[in-house]
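Structural overview for review
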Amino acid sequence: MHFARLKTHDYRGEGYYFITFATAPRRALLSEIRDGRIQLFPEGRAVVEAWQRIPADDPAYSLRINVVMPDHFHGILVCKGGARYSLSQIVERMKARSRQAIRRLKNAPALSVWEAGFHDFVAFTSATFNVFADYVRDNPRRWQLRQDNPQWFAKQTDVVHPRLPPETRWTAYGDRTLLDYPWLEPVIISRRLEGEELEAVVARFLELAREGAVLIGGFISPGERRVAREAAAISRSRLIYLHPWGLSRYKPHGHAAAERLASGLTLALSGFPDTEEAVPRRENCLCNNRWAQAIALTSPRASGSN
């Protein structure tokens, strides 16, 4: 797994850092969720102990919250600046310590514990920090919702969420908790863009996907389709497809697309009735673009509608 770091940021510098890394190969090694609450395994406690040692390694860092999910770890820490170790070094030290402890617990010296790399999001304001802190705290609830709602991977009608315009009747396939993520990025690319200008725009959206943004859009224009295709190939990237027609004939195209849907990496969403012909009409595409921008800008707080 590789995620792009912010090229303009000093990762020994000041900021709120939201980090995520996952077990290899996404096995439920660390905890289990019961009734929306985390029950740590010994392996998960080893991860928490490694997390708690970070300030001793480098006092420039202070810890906020962490959540040890069955197959991944979320944590938020704050750097006051002038750190001895960069964020990457801090995370790798934590992963190495917990890996060693887990191998001892399992009596398996060669056990593969973590996927390579980690994801980070850097916040520079307390408001942004608070949104991500809410997201981390709410992770067990979303996990439980996915487990308790297998119907989410069949057609869902009358979907309600604080981010969705309430005057529209929404239908969906996939994991609705993608709408809870704080950072949604609308993908809108004009058909008129060509050459180097188009390449630059596509590259920017793909970099945002690597940085952790959930891309949302109709993905109708050639540039948008290319972004969707290439973003779907990025490990653990997440996409919300706003279909400019109803979902009566919706089917994920191919095994990989179906796997992404079942893994909670894709949400198919439509604000159009099932009677709408599956033709990308201009007025529908423009409406989709407006929805994508509005949904991305609306706060995910107070979410959790069933």
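Note that the coordinates shown come from a computational prediction; the quantities given were computed from them, not determined experimentally.

Section: the overall build of the chain
Across its full length, the chain carries nine helices and 12 strands. The C-alpha atoms of the chain give a radius of gyration of 20 Å, which matches the 19 Å a tight globule of 306 residues would have. When its C-alpha atoms are laid out on the principal axes, the chain stretches across 60 × 45 × 35 Å. Pairs at least 24 apart in sequence give 71% of the contacts found in the chain among residues at least 6 apart.

Brief notes about helix H3 (residues 87-106)
Under the 1.5 Å per step criterion, the end-to-end length of H3 is 28 Å for 20 residues, consistent within 8% with the ideal 28 Å. Inspection of H3 places Leu-87, Ile-90, Val-91, Met-94, Lys-95, Ser-98, Ala-101 and Ile-102 among the buried residues, and these make up the whole buried set. Projected onto a plane normal to the axis of H3, the buried residues spread over an arc of 135 degrees and lie on a single side. Each element contacted by the buried residues of H3 is listed here: strand S1 (15-22), helix H1 (42-52), helix H2 (54-57), strand S4 (61-68), strand S5 (72-79) and strand S6 (119-123).

Quick notes on the confidence of the model for the chain
Summarising the model, the chain shows a mean pLDDT of 90, and 95% of its residues fall at 70 or more. Below pLDDT 50 for its whole length, residues 302-306 participates in 15 contacts with residues either more than four positions away or in separate chains.

With respect to the nonpolar core
Counting 52 residues, the largest nonpolar core has Leu-215, Ile-240 and Ile-295 as the members making the most contacts within it. Here Ile-240 is in contact with Leu-178, Leu-179, Leu-184, Val-214, Leu-215, Ile-216, Gly-217, Phe-219, Leu-267 and Leu-269, once residues within four sequence places are set aside. Listed in part, the 30 residues of the second largest apolar core include Tyr-11, Ala-46, Ala-101 and Phe-118.

Overview of the packing of aromatic side chains
Across all of its chains, the model carries 15 aromatic pairs by this definition. Pairwise contacts between aromatic rings join Phe-18, Phe-121, Phe-132, Tyr-135, Tyr-181 and Trp-183 into one cluster. Its guanidinium or amino end placed over the ring of Tyr-135, Arg-142 lies 3.7 Å from that ring's centre, counting from NZ or CZ. The ring of Phe-205 carries Arg-204 above its face, with NZ or CZ at 4.5 Å from the centroid.

Looking at the pairing of strand S10 (residues 214-217)
Of the two faces of S10, the one lined by Val-214 and Ile-216 and the one lined by Leu-215 and Gly-217 are each fully buried. Bridge analysis of strand S9 (residues 184-186) against S10 gives three bridges, and the strand direction is parallel. What sits directly across from Glu-185, in S10, is Leu-215. Running through helix H6 (residues 195-211), the crossover from S9 to the neighbouring parallel element S10 is right-handed. As judged from the four bridges shared by S10 and strand S11 (residues 238-242), these two strands associate in the parallel manner. In the strand pairing of S11, Gly-217 is matched with Tyr-241.

Brief notes about the sheet that holds strand S12 (residues 266-270)
Reading across from one edge, S7-S8-S12-S11-S10-S9 is the order of the six strands in this open sheet, with mixed pairing throughout. Because the sheet does not close on itself, it has two edges, and the strands there are strand S7 (156-159) and S9. Looking at each pair of strands side by side, their axes are set apart by 25 degrees on average, direction ignored. Summarising the sheet, S7 and strand S8 (residues 170-174) pair through two bridges and their orientation is antiparallel. Residue pairing across strands places Gln-156 opposite Ala-172, the latter belonging to S8. Docked against the sheet, helix H7 (residues 222-232) engages S10 and S11, running at close to 150 degrees with respect to S11.

Conventions adopted
- Residues numbered from 1 in each chain as written.
- Predicted model: local features only at pLDDT ≥ 70, side-chain atom pairs only at ≥ 80, totals over all residues.
- Heavy atoms only, no water.
- Helix = DSSP H or I, 4+ residues; strand = E, 2+ residues; numbered from the N terminus.
- Rg over C-alpha atoms; globule rule 2.2 N^0.38 Å.
- Contact = heavy atoms within 4.5 Å.
- Expected span 1.5 Å × (residues − 1).
- Buried < 20%, exposed > 50% of the residue type's maximum accessible area, 1.4 Å probe, protein only.
- Arc of directions from axis to C-beta.
- pLDDT = per-residue confidence, 0-100.
- Core = buried A, V, L, I, M, F, W, Y, C linked by side-chain atoms within 4.5 Å.
- Phe/Tyr/Trp six-rings, centres within 6.5 Å; stacked < 30°, edge-to-face > 60°.
- Lys NZ or Arg CZ within 6 Å of the ring centre and 35° of its normal.
- Pairing = 2+ DSSP bridges.
- Right-handed = clockwise from strand over helix to strand, strands pointing away.
- Axes fitted to C-alpha atoms, helices over the stretch in contact; angles between N-to-C directions.

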